[in-house]
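The primary structure of each chain is shown beneath.
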Amino acid sequence: MSKQHSFYDTIDQIACYGISKGIFHLNTSKRPITGTRIIIDEKPLINFGSCSYLGLEFHPAIKAASKAAIEQYGSQFSASRAYISLGLYAQLEELLQKIFNAPCVITPTTTLGHIAAIPVLIENDAAVIMDQQVHNSVQTAVQLVKPNGVHVEIIRHNNMEQLEERIMELRLLHKKIWYMADGIYSMFGDACPIDTVYSFLDKYPELHLYIDDAHGMSIHGKYGRGYVLSRHDIHPKMVMATSMNKAFASGGGVLVCGDKEAARKIGNVGGPLLSSGPMQPSGLGAAIASAQIHLSEELPGLQQKLEQNIAFTTQMLKLYNLPQISEAGAAIFFVAVSYPRLGHNLVARMIKRGFFVNLGIFPTVPMRKTGVRFTVTALHTREEIQAMIKTLAEEFALAMKEENISLPSIYQGFKIAIPEASDIKPVDIASTHNLVIRQYTSIKEIDKAEWNHLFEGKGSFDWDGLKTLETVFNGNPLPKDNWVFNYLVVKDIEGKTVSATFLTTAIWKDDMLSPASVSEQVEEKRKQNPEYLTSTVLCSGSLLTEGEHFFINRNHAHWKEAVVMILDRIYLIRELHQANHIVLRDFHGIHRDLDSLMVDNGFFRVSLPDSHVVGSLSWNSPQEFYDSLSVNNRSHIRKKVLRHTARFNVEVVKVSSWLEEVEHWFSLYQNVKEKSLELNTFSLPLKLFKNLALDENWEVLQLTLHDDGLQNDSKPCCMVYSYKTGDSYIPLIIGMDYEENAEFNIYRQALYQIMLRAKKLGKSKVLLGFSAGLEKQKFGAHAQKVYAYMHSYDSYNMEQLAVYSSVSRKNTKKIKVAE
């Protein structure tokens with residue numbers, strides 16, 4: 001959501017936490033690996049994480065062929081294939097064409113195959129539709145064609161109805177439409193509805209298919225052609241990418257083309273095929289031997305052994321009543337845990353018990369759809385499979401109890417019904433640390449002094465401020481102007497507050513913190529559909545408040561338990577209101593213990609724009625304020641502000657007699673809102689401006705220009721709504737006349753007058769909030785790093801938004817997203 005936030009920082013955060021838990025970035029020992037046994041940190045483990053589904057990596061013929069190739073050709077043959085290839089390539093291509101009964105192009109890896117093929121196949125006037133869960137390597141390759149103006153869309157996972165709707169519309173605009181999907185998806189192990197896709201290929205001449213069947217290769221179909229080609233022959237309008245690095249057990253990738261000309265052209269001009277290193281002798285030798293096995297009578301026996309193990313695994317998962325998400329038929333299994341903290345706990349327990357399994361976690365799956373991912377191979381015995389699943393069931397129950405998580409909440413996270421027959425009992429989620437959580441739906445239900453003790457001076461969300469917001473954002477005609485309020489307070493047995501927050505459920509624009517160039521495009525779509533790329537968001541705080549909305553007493557022995565209680569209740573509130581996202585804000589600085597706790601409970605950290613605070617008003621006059629600034633800032637104030645100050649009449653409005661001005665103030669606000677795509681929110685309602693004008697805790701700073709010191713009848717050119725709480729002065733809403741701003745620097749004058757007003761009121765700090773940081777720093781403000789923690793239940797809109805964000809601005813009008 002944030003323009004400043006790096007997606008890679010989030011992934012790094014999650015990876016580092018997994019490394020600290022001892023479940024990511026592990027290494028086997030130097031001892032030989034045999035069969036399903038590996039050794040990590042001198043501990044023997046049975047490996048349930050291998051994608052070599054047929055166990056061919058230990059086949060004597062493949063090992064011998066790899067060794068022989070090194071003996072004959074050395075460890076590498078380093079040359080671009082545009083000039084020369086090792087002779088083994090020709091032999092391998094001939095064998096692969098027999099396997100697939102179609103033209104083939106060999107690539108160093110499957111990912112490089114995508115990067116070679118997609119820019120060649122996708123013409124600039126074509127359209128691309130990607131399944132929401134298509135492999136990241138395909139999405140990476142599509143990034144290469146976006147700057148050319150290629151139309152790119154994302155549709156919901158395996159939604160064939162939506163796919164056909166998009167084809168029917170896009171075929172009117174594009175000669176070719178490419179649908180991109182996986183044959184078998186790598187996390188949940190579910191399959192593409194390939195029969196329906198083939199029917200669309202026959203029905204719509206414009207439609208073409210690009211499909212990655214890496215996880216179906218070898219284990220399905222005649223000669224191990226894969227899941228897709230086990231059900232249909234290759235289609236003339238299709239390219240299938242697959243891997244020789246999984247069940248094929250050699251390394252490298254293959255592009256299987258329904259059109260011979262497409263294969264020729266990719267081989268000639270596909271970027272990585274010209275400039276990247278080729279497959280090396282050992283891999284080519286192994287691939288040839290593997291291809292020969294695939295074409296032999298040996299393969300069906302290996303496939304049958306794996307098929308039996310898959311069926312047995314499915315039976316065992318049902319026997320032990322584990323929440324299985326994966327579908328039978330794939331060698332990939334996914335057991336739901338929902339909460340990352342449960343996943344970390346359970347995987348660590350399994351390793352301790354002697355079984356290596358994987359944690360499926362964001363970004364490969366949504367945060368609340370975390371699970372234990374494991375694979376079975378033809379090498380596993382039934383005894384190994386049963387022992388692992390029996391252990392998984394035992395440790396699952398213990399981990400749920402330790403993490404205070406119930407089975408219903410896990411199924412709820414995946415939005416699936418709990419099976420009627422289940423021996424796993426829900427875990428008692430009552431607090432074990434004498435903590436009690438209370439939930440309220442109005443600030444009026446909470447003692448004023450108690451709430452203000454926690455939050456007064458931190459923002460416009462003390463007791464009175466929230467009372468006003470509840471009045472304004474209720475009973476309005478437009479859904480965007482109606483917020484649902486919830487308040488959560490956790491106390492210990494002595495009645496001391498350990499943690500507290502307030503939350504609002506409201507409709508947000510998904511591009512709220514996206515670059516202005518993105519919002520410009522999205523707003524064009526909203527002219528026809530105001531709800532386009534909007535989501536229901538459950539947020540600590542609100543769209544009109546800034547500051548630390550989440551109180552945590554970190555000196556309390558059980559603060560972590562209190563926070564978890566609040567997070568668990570937030571999940572229930574989200575379910576009640578069917579929010580798409582949860583956003584917990586604003587946290588100043590990174591607290592490592594809290595950071596880890598949030599990741600464990602399904603939240604990842606994102607950076608928000610810096611907040612700006614003037615933390616000291618120790619000066620006593622405008623001259624002293626001026627003198628307190630740096631040389632450069634004094635020069636700025638002198639040239640841009642003080643030279644115009646005498647032209648402004650400044651008034652503070654606090655009483656209802658000024659209500660006739662409210663509509664004009666609202667029009668000034670609208671001027672700013674229309675230009676303020678840097679923080680793209682919905683317009684605030686006129687009702688808010690009227691209510692705040694009557695509230696004694698709010699005041700309006702009004703600026704009016706006059707001629708040569710003589711007052712005239714001109715309308716105010718600027719207004720600032722500010723909230724007064726504790727020792728803080730908080731300007732929150734500004735409006736101004738842009739026609740006069742260029743000459744008289746109205747915005748800068750407003751900042752100057754805000755500082756003087758705060759001092760006059762005896763406040764000790766001014767909370768200036770987000771945006772316009774450089775301007776605010778010239779008046780003595782310092783930037784504070786601000787973070788939020790986010791959990792997305794439905795990333796579909798965010799993935800659509802990424803289509804806009806990733807394209808160069810000059811081509812933005814050609815890039816569209818499915819509604």
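Right, let's walk through the structure included here. (Residues numbered from 1 in each chain as written. Predicted model: local features only at pLDDT ≥ 70, side-chain atom pairs only at ≥ 80, totals over all residues. Heavy atoms only, no water.)

Here we look at the overall build of the protein
Our working rule: The secondary structure listing takes helices from DSSP runs of H or I that are at least 4 residues long and strands from runs of E that are at least 2 residues long, numbered from the N terminus. Using C-alpha atoms as the atom set, the radius of gyration is obtained and then compared with a globule rule of 2.2 Å times the number of residues to the power 0.38. Here's how the labels work: a residue is buried when its accessible area is under 20% of the maximum for its type, exposed when over 50%, partly exposed in between, all with a 1.4 Å probe on protein chains only. For this analysis, residues touch if any pair of their heavy atoms sits within 4.5 Å.
Each helix and strand in the protein was counted, giving 28 helices and 26 strands. The C-alpha atoms of the protein give 31 Å as radius of gyration, which agrees with the globular expectation for 819 residues (28 Å, within 12%). The principal-axis extent of the C-alpha atoms belonging to the protein is close to 100 × 60 × 50 Å. Here the protein, with 819 residues, has 57% of them falling under the buried criterion. Restricting the contact set of the protein to residue pairs at least 6 apart, pairs at least 24 apart contribute 76%.

Side note on the sheet that holds strand β2 (residues 43-47)
Heads up, the condition is: When DSSP finds two or more bridges between two strands, those strands count as paired.
The 3 strands are arranged β1-β2-β11 in an open sheet whose pairing can be described as mixed. If you trace the sheet from one side to the other, it starts and ends with β1 (37-40) and β11 (355-356), each paired once. One ladder, built from 2 bridges, connects β2 with β11; its direction is parallel. When the bridges of β11 are listed, Asn47 appears paired with Phe356.

Here's the deal with the sheet that holds strand β13 (residues 370-375)
Test applied: A fitted line through C-alpha atoms serves as each axis, taken over the contacting stretch for helices, and the angle formed by two N-to-C directions is quoted from 0 to 180°.
With antiparallel pairing, the 3 strands of this open sheet are ordered in space as β10-β13-β12. Looking at strand neighbours, the two that pair on one side only are β10 (332-338) and β12 (358-360), the edges of this open sheet. Strand after strand, the sheet turns through a mean of 30 degrees between neighbouring axes, direction not considered. Relative to β13, β10 runs antiparallel, the two sharing 6 bridges.

Thoughts on the pattern of salt bridges
Definition in use: The rule for a salt bridge is simple: a side-chain nitrogen of Lys or Arg has to be within 4 Å of a carboxyl oxygen of Asp or Glu.
What the rule picks out here adds up to 31 salt bridges. Measuring nitrogen to oxygen at the nearest pair gives 2.6 Å for the salt bridge that ties Glu42 to Arg31. In this pair, Glu42 sits in the loop between β1 and β2 while Arg31 sits in the loop between α1 (7-20) and β1, placing the two residues 11 residues apart along the sequence. A relative accessible area of 46% places Arg31 in the partly exposed class. When the shortest N-O distance is used, the salt bridge between Asp195 and Arg231 registers 3.0 Å. With Asp195 in helix α7 (residues 194-203) and Arg231 in helix α8 (residues 227-231), the pair connects residues that are 36 residues apart, well separated along the chain. The exposure class of Asp195 is partly exposed, given its relative accessible area of 38%.

What to know about the side chain of His556
One can find His556 in the loop between β18 (550-552) and α19 (559-577). Discounting residues that sit within four places of it in the chain, His556 has contacts with Leu435, Asp492 and Val498.

Comments concerning the environment of Thr242
The topology assignment puts Thr242 in strand β8 (residues 238-243). C-alpha separation for the pair Thr242 and Ser676, spaced 434 residues apart in sequence, amounts to 47 Å. Residues contacting Thr242, with those up to four places away along its chain left out, are Phe100, Thr110, Asp213, Ala214, Met217, Gly253 and Val254.

Thoughts on α19
Note the threshold: The span you would expect from a helix comes to 1.5 Å times its residue count less one.
Between its first and last C-alpha, α19 extends 27 Å over 19 residues, near the 27 Å set by a 1.5 Å rise per residue. Those residues of α19 that sit buried are Trp559, Ala562, Val563, Val564, Met565, Ile566, Leu567, Ile570, Tyr571, Ile573 and Arg574. Gln578 sits one or two residues past α19 and shows a positive phi near 55 degrees.

Concerning unusual backbone geometry
For the peptide bond that leads from Phe362 to Pro363, omega is 15 degrees, which places it in the cis range. Relative to the helices and strands, Pro363 resides in the loop between β12 and β13. Between Arg585 and Asp586 the backbone carries a cis peptide bond, its omega angle lying at -10 degrees. Assignment of secondary structure puts Asp586 in strand β19 (residues 581-588). Here Ser218, not a glycine, exhibits a phi torsion of approximately 75 degrees, which is positive.

Description of the environment of Ile507
As for its placement among the helices and strands, Ile507 is situated in strand β16 (residues 497-509). Put simply, Ile507 and Thr681 are 174 residues apart on the chain and 9.6 Å apart in space, counted from C-alpha to C-alpha. Setting aside residues no more than four positions away along its own chain, Ile507 makes contact with Pro479, Lys480, Thr534, Ser535, Leu543 and Phe682.

Here we look at the pairing of strand β23 (residues 718-725)
The side chains of a regular strand alternate between both faces of the sheet. When you tally the buried positions in β23, you get 8 out of 8 residues, the bulk of the element. Neither face of β23 is open: one carries Cys718, Val720, Ser722 and Lys724, the other Met719, Tyr721, Tyr723 and Thr725, and all of them are buried. Looking at chain direction, strand β22 (residues 698-705) and β23 are connected through 6 bridges and run antiparallel. Residue pairing across strands places Leu703 opposite Cys718, the latter belonging to β23. Two strands pair when backbone bridges link them, and β23 and strand β24 (residues 728-736) are joined in this way by 8 bridges, in the antiparallel orientation. Pairing of Thr725 across the sheet is with Ser728, part of β24. Counted between consecutive antiparallel strands, the loop separating β23 from β24 contains 2 residues, among which Gly726 sits at a positive phi close to 55 degrees.

Topic: the state of the cysteines
Our working rule: For the purposes of this analysis, a disulfide is any pair of cysteine sulfur atoms at a distance within 2.5 Å.
Here the structure, examined in full by the defined rule, presents 0 disulfides. Cysteine Cys51 remains unbridged, with the sulfur of Cys192 as its closest cysteine sulfur at 19 Å. With relative accessibility at 22%, the residue Cys51 sits in the partly exposed group. The thiol of Cys717 is not disulfide-bonded; the next cysteine sulfur, from Cys718, is found 6.1 Å away. A residue is classified by how much of its surface remains accessible, and Cys717, at 3% relative accessible area, is buried.

Brief notes about the packing of α19 against helix α20 (residues 592-600)
To keep things clear, this is the line we draw: By definition, any crossing whose near helix is turned counterclockwise from its far helix by less than a right angle is left-handed, and any crossing with a clockwise turn is right-handed.
Axis separation between α19 and α20 bottoms out at 11 Å; the angle between their running directions is 35 degrees. In this structure, α19 meets α20 at a crossing whose hand is right-handed. Residue-level contacts link Trp559, Lys560, Val563, Val564 and Leu567 of α19 to Asp593, Leu594, Leu597 and Met598 of α20.

Here we look at the side chain of Arg368
Threshold: Two residue types count as positive, namely Lys and Arg, and two as negative, namely Asp and Glu; His and chain ends fall outside the count. Between N or O atoms, a polar contact is any pair within 3.5 Å; within protein, one atom must be a potential hydrogen donor and the other a potential acceptor, and residues adjacent in sequence are included only when both atoms are from side chains.
Considering the arrangement of structural elements, one finds Arg368 in the loop between β12 and β13. Although Arg368 is buried, it makes no salt bridge; Glu575 carries the closest opposite charge, 6.4 Å away. Here Ser409 takes part through its backbone oxygen, which lies 3.2 Å from a polar atom of the side chain of Arg368. Contact partners of Arg368, with chain neighbours within four places excluded, come to Ser338, Tyr339, Ser409, Gly413, Phe414, Tyr571, His791 and Tyr793.

Let's talk about the environment of Ala79
By secondary structure assignment, the location of Ala79 is in the loop between α2 (60-73) and α3 (88-100). Taking relative accessible area as the criterion, Ala79 reaches 24% and is therefore assigned partly exposed. For the pair Ala79 and Ala263, spaced 184 residues apart in sequence, the C-alpha to C-alpha distance is 21 Å. Leaving out residues up to four positions away in the same chain, Ala79 has contacts with Ile84 and Pro278.

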